[in-house]
Amino acid sequence: MATRTKDLATVDPESSMDKVVAKGVSKLVTLAGPWVVGILAFGVGSAFHAILASDDPQVVAWTAFLLSTAVLVLTGVTYGQSHARGVWGRIHTTATTLLSGLWVTAATINGSTTVVTGRLVLIGGFTMALTWNIRTIIRLKGWDAPGAMSDPLALLFGQGAAAAGMPAIEARTTAASGHKVEGAVQMEQGRQIADDLQKKVPYIESGIGLPPGSITTSLDPDDASKAKVVISDPRVMKHPIPWPGASRPGASIAEALRTGLWQDLDEVLHVIVGHHVQIMGQTGSGKSIGGAWNYIAEIVTRYDAAVFAIDITKGEQTLGPLKEALHRFETTKAGAKALIAEMKAKVKERTDYLASKKLQKWKKGCGLTYWVFWLEECPDIFDALTDKEMEDFLSLLKAIRSAGGTVVLSLQRSDYTQMPTIARGQLAKLCFGVESDSDASFGLSEAQQDANARPELWSNKQPGMAYLDAPSIPDERIAMPQRTYAWGVNAAGEFDDELANAAMREHAARWPAADKQVDEGTAALSRLAGGAQPAGVAAAALERPADLDDDTEDDDDEEVRNVAAEYLGTEDPDPEVQAGLDDPIADDPDDPDWKFTPPAVTMTPQERGAALMKHLKGLWDGGARDFATRDLRPLWESTDMSRAWAQKQLKKLIEADVIGYDDDAQRYLIPERPNVD
C-alpha cells in the first residue's frame, strides 16, 4: 500500500520574530493614539491663541464663534456616524469630540496655560486618554463584542468561532427557552457561506467547551451570508423517554404524527402523507420498537388511515403486539406476494376515483382511507419476489403516493444489494444508530450529511436516537438528533421489554382495525385479526384457507401453491378447462412473447456459477468494462438461474475483489477479465 508523507514546514525565526514585534508595535500605537490626539489638541489651542494675541478683539470674537460652530458640527457628525456602536460607545466618542473642541476654543481665547485651561487639559485630557485606553484593552480582549453583556450567545459563539478560525462572524440570539437557544449568524460577506460554518461546528463546540452535538446549523433561505443555529444539550437524550400517549386520537392522518422529542425537547411532528419513508439502523438501534411502534401507534388512532404490514423475517415478534390494530398483517412469503399484487391492482381504481373528484392526489375528506404499507426487514421481502413481482412492487411504489398511500421500508443497511436504487431515491430518511460513517451514508440524505449528522456516534448504545429528513421537517432540524418514545419504562427509568409489549397490546386493543369505517377497496384488501371482516367487504372476498402452510421460506414450488390457493374458492370461469397446479403451460406458437416452458435441464450451483462467469468473461471480451443487472437477462431466460441468485453471487464476487461496484453510477465494474480459481 502506498504511504503518504507530509512535508514538514520550516519556521523562519526572523520572520516569526518580525511578526511578534509588529504585533506589539501595533498594540502600542493603538494605546498611544489618545495621548497623541491630546497633545495635538493642546498644540492647536496654543497656536490659535498665539496667532490671535495681537489681533483686534472683534477678530478674536468671530474666530471663537467659528470654532464653536465647527465643534458643534464635528460633535453632530460623530454622534451620527457612531450609530452602529453600543450606547456607551456612542456617548464616549461624542463626548470626547465635544469636550476636546470646547477646550480648544477656550484655549484660543484665554491661552492654554492659564489656571483654568491648564488644569482642564492636564486633568481632563489625562482622564480622557485613560478612558480610551481602557476601552481599547477591553476591545482587544473581546469583552466589548456587540451585545456581549446582553446577549451571551454573541460572546460565547464569537469566542468559539474565533478559536475555530472564523473570527469575523457575529451571532445574536433570536429566541431562548429553558432547554435551547436559537440564533442567527452573520458570516463574512463574500468570503464565507453557511456550509463553511457547518464544517466548523465541531471546532466551535470545542472552543466553547460544549458537548459534541450541541450545535445544529441550517441555511438562511433569504441570505447566503447568514445561517441559523440552535444550541441545546445532547445529554438530555441519554435516557429513555416514556411514551406520553396518542397525540391526536380521532384526528386525520393528514395531521402530524408525534413520535418522540428533538434534542431541544420540542416534539417531533411528522406529517407522513404524500411521501415514502426509509427507516434504517443497525440491530438494537431502536428502528423497530422506536420507529415502527411509535409511527404505527399514532397512525392507528387516526380515523382515515389503515395500516397494511409485512414481516416475513421476525414474524409476529416486532409487529405482533400491534396486530389487532392492523388491517392486514402478512408473515409468509406467499402472503407478502399476495398483498403486493392485490394492493397494486387497487391503485388504478383509487386514482380513477380521485380523478372523478377532480383531485390530483389524496386529501383529507376525499372519501378514501389512506394506506400505510409497512415493510419490516424489507430486503428479505425483496429476495422473495420474482423479477415480475419486483417490477410490480416498484410500480406500486411510484403510483401509490398520489393514490393515497405511503410505503415505509425498514432495514439495517440500504445499500444496492438490499434496496432498489429507484426506490431509495424516493424515500424520506429516518436514520437510527449505525456502525460506521460508511453505513450512515446509506441512511442519511445529502443535506443531513452536509449538515454533519453522525448516527455512527450512537451505534446501538442509545436505542431510539435518530435523525429525520422528510418534507414536513424544517431544515434546521434535519441534522438535530431526536429520541423516539419508549413504551416500557420501569420505576428505575430503564426500558423494560415486557412492559413495552403489554403497553402496545393494550394500545392496539383500544384502537382495533375492526372498529374503523373504511372505503370498499380498503375493506376488500383487509384481513383482520381473528378472521372478522370489516363492513363493506364484497361477498366474493375469501379468507385464506385455514390449512395454509406458513413454513415456505425455502420452497418456491410451495409458494406458488399457496398464492394460487387464495383464489381457488372463487367460481370457476371455464369449467371445461382442467389442469393441475403442476401441469406445464405450453408455449403459444402464435405469440413469441408468451413463453412458459422452463429450461429443460436443471443446473447445479456449480454449473450456474460457471455460466455466470462465462457470461461475465463474454462481456469483457466484447469490450464492456461495466454492466447492470439487466445485462444478465440472457442467463435467466435461457437457464434456471434466478435474478436473486445472480445478485447474491455478484455480491460475493465484489467481496472477493473479482469485480467492483460504482455507487454513484449504480453499475458493476469489470476492471480486468474475471477469473475465479
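The structure presented is a predicted model; accordingly, all values stated were derived computationally and were not measured.

**A short note on the overall build of the protein chain**
From N to C terminus, the protein chain includes 20 helices and 17 strands. Each of the 677 residues in the protein chain was classed as buried or not, and the buried ones make up 41%. Restricting the contact set of the protein chain to residue pairs at least 6 apart, pairs at least 24 apart contribute 64%.

**So, the nonpolar core**
Ranked by size, the top nonpolar core spans 44 residues in total, and within it Ile253, Ile296, Leu319, Trp374, Leu430 and Leu468 carry the most contacts. Looking at this core, the elements with two or more residues in it are strand E5 (257-262), strand E7 (276-280), helix H7 (287-299), strand E8 (305-310), strand E10 (370-375), strand E12 (427-432), strand E13 (465-469) and helix H15 (497-510). It is H7 that contributes the most residues to this core, six residues altogether. Not counting the four nearest positions on each side in its chain, tryptophan 374 is found in contact with Ile279, Gly291, Ala292, Tyr295, Ile296, Phe308, Ala309, Ile310, Leu319 and Val408. Ala336, Ile381, Phe382 and Ala403 belong to the second-largest nonpolar core, a separate cluster that totals 31 residues.

**Some words on the sheet that holds strand E16 (residues 660-662)**
Across a sheet, strands are paired by hydrogen bonds formed along the backbone, either parallel or antiparallel in direction. If you walk across this open sheet you meet the three strands as E15-E17-E16, and the pairing is antiparallel. A single partner strand is all that each edge strand has here, and the edge strands are strand E15 (626-627) and E16. Pairing analysis gives two bridges linking E15 to strand E17 (residues 667-669), with the strands arranged antiparallel. Its bridge partner lying in E17, aspartate 626 is registered against leucine 669.

**Describing unusual backbone geometry**
Not every positive phi belongs to a glycine, and leucine 265 is a case in point at roughly 75°. Residue placement: leucine 265 occurs in the loop between E5 and strand E6 (267-270). The class for leucine 265 is partly exposed, based on a relative accessible area of 35%. Despite not being glycine, serine 459 has its phi angle at roughly 55°, a positive value.

**Remarks on a negative patch on the surface**
The grouping of Asp195, Glu446, Asp450, Asp663 and Asp664 at the surface amounts to a negative patch. Aspartate 664 gets classed as exposed once you look at its relative accessible area, which sits at 78%.

**Quick word on the packing of helix H9 (residues 333-356) against helix H11 (residues 387-404)**
The interhelical angle for the contact between H9 and H11, taken along N-to-C directions, is 35°, at an axis separation of 9 Å. Crossing of H9 over H11 shows left-handed handedness. Along its contact with H9, which presents Lys337, Ile340, Met343, Lys344, Val347, Arg350, Thr351 and Leu354, the element H11 presents Glu389, Asp392, Phe393, Ser395, Leu396, Ala399, Ile400, Ser402, Ala403 and Gly404. Considering only residue class, the contact of H9 with H11 consists of nine nonpolar, four polar and five charged.

**A closer look at the packing of aromatic side chains**
According to the stated counting rule, one finds 11 aromatic pairs in the structure shown. With centroids separated by 6.4 Å and ring planes inclined at 45°, the aromatic side chains of tyrosine 295 and tryptophan 374 adopt a geometry described as tilted. One end of the pair, tyrosine 295, is in helix H7; the other, tryptophan 374, is in strand E10, with 79 residues separating them in the sequence. The exposure classification of tyrosine 295 matches that of tryptophan 374, with both residues buried. For the pair tryptophan 362 and tyrosine 370, a centre-to-centre distance of 4.9 Å together with 65° between the ring planes defines the contact as edge-to-face. For the pair tryptophan 362 and tyrosine 370, one class covers both residues: buried. What links up through ring pairs into an aromatic cluster is the set Tyr416, Phe627, Tyr661 and Tyr668. One cation-aromatic arrangement involves lysine 200 over tyrosine 203; the distance from NZ or CZ to the ring centre is 5.5 Å. Its guanidinium or amino end placed over the ring of tryptophan 620, arginine 625 lies 3.5 Å from that ring's centre, counting from NZ or CZ.

**Describing helix H18 (residues 605-621)**
Between its first and last C-alpha, H18 extends 24 Å over 17 residues, near the 24 Å set by a 1.5 Å rise per residue. Looking only at H18, the buried set comprises Arg608, Ala611, Leu612, Met613, His615, Leu616, Leu619 and Trp620. Those residues of H18 hidden inside the fold are in contact with E15, helix H19 (633-638) and helix H20 (643-655). A positive backbone phi angle near 100° is found at glycine 623, which sits one or two residues after H18.

**A short note on the sheet that holds strand E1 (residues 170-176)**
Here we have four strands laid out as an open sheet, ordered E1-E2-E4-E3, and antiparallel in their pairing. The open sheet terminates on both sides in strands that have one partner only, identified here as E1 and strand E3 (215-219). On average, each strand axis in the sheet is inclined to that of its neighbour by 25°, with strand direction left out of account.

**Observations regarding the environment of phenylalanine 126**
You can see phenylalanine 126 is positioned in helix H4 (residues 115-140). Given the relative accessible area of 46%, phenylalanine 126 is considered partly exposed. Taking the C-alpha atoms as reference, phenylalanine 126 lies 8.2 Å from glycine 38; in sequence the two are 88 residues apart. Sequence-distant contacts of phenylalanine 126, defined by excluding residues within four places in its chain, comprise Trp35 and Val121.

**A look at the side chain of glutamine 462**
The residue glutamine 462 is located in the loop between helix H14 (446-450) and E13 in this model. On the accessibility criterion, glutamine 462 (18% relative accessible area) is buried. Residue contacts for glutamine 462: discarding those within four places in its chain leaves Met237, Lys238, Ser285 and Arg483.

**Remarks on the pairing of E8**
Where burial is concerned, most of E8 is hidden: six out of the six residues are buried. A two-sided burial pattern is seen for E8, the buried positions comprising Ala305, Val307 and Ala309 on one face and Ala306, Phe308 and Ile310 on the other. The sheet contact formed by E8 and E10 spans six bridges and is parallel. Bridging from a neighbouring strand, phenylalanine 308 pairs with phenylalanine 373 of E10. Sheet topology note: the E8/strand E9 (residues 328-330) ladder contains three bridges and is parallel. Its bridge partner being in E9, phenylalanine 308 is matched across the sheet by arginine 328.

**Focus on H9**
Helix length check: H9 (24 residues) gives 36 Å between terminal C-alpha atoms against 34 Å at 1.5 Å per residue, within 8%. Along H9, the helix axis deviates most sharply at valine 347, where the bend reaches about 25°.

**Here we look at the side chain of serine 232**
Mapped onto the secondary structure, serine 232 falls in strand E4 (residues 226-232). Judged by relative accessible area, serine 232 falls into the buried class, the value being 7%. Side chain to side chain, serine 232 and glutamine 263 meet in a polar contact 2.9 Å long. Excluding residues that lie within four positions of it along the chain, serine 232 makes contacts with His179, Lys180, Ser214, Gln263 and Asp264.

**So, the confidence of the model for the protein chain**
On average, the protein chain scores 79 in pLDDT, and the residues at 70 or more come to 79%. pLDDT under 50 marks residues 1-16. Its contacts with residues more than four places away, or in other chains, come to one contact. In this model residues 535-569 is a low-confidence stretch, pLDDT under 50, and it forms 45 contacts with partners more than four residues away in sequence or in other chains.

What counts and how
Residues numbered from 1 in each chain as written. Predicted model: local features only at pLDDT ≥ 70, side-chain atom pairs only at ≥ 80, totals over all residues. Heavy atoms only, no water. Helix = DSSP H or I, 4+ residues; strand = E, 2+ residues; numbered from the N terminus. Buried < 20%, exposed > 50% of the residue type's maximum accessible area, 1.4 Å probe, protein only. Contact = heavy atoms within 4.5 Å. Core = buried A, V, L, I, M, F, W, Y, C linked by side-chain atoms within 4.5 Å. Pairing = 2+ DSSP bridges. Patch = residues over 30% accessible without salt bridge, like charges linked within 9 Å, V, L, I, M, F, W, Y side chains within 5 Å. Areas by Shrake-Rupley, 256 points an atom, 1.4 Å probe, with all protein chains shown as cover. Salt bridge = Lys/Arg side-chain N within 4 Å of Asp/Glu carboxyl O. Lys, Arg positive; Asp, Glu negative; His and termini not counted. Charge placed at Lys NZ, Arg CZ, Asp CG, Glu CD. Axes fitted to C-alpha atoms, helices over the stretch in contact; angles between N-to-C directions. Left-handed = near helix turned anticlockwise from the far one by under 90°. Nonpolar A, V, L, I, M, F, W, Y, C, P; charged D, E, K, R; others polar. Phe/Tyr/Trp six-rings, centres within 6.5 Å; stacked < 30°, edge-to-face > 60°. Lys NZ or Arg CZ within 6 Å of the ring centre and 35° of its normal. Expected span 1.5 Å × (residues − 1). Bend = angle between axes of the 7 residues up to and from the residue. Polar contact = N/O pair within 3.5 Å; in protein donor to acceptor, adjacent residues only side chain to side chain. pLDDT = per-residue confidence, 0-100.

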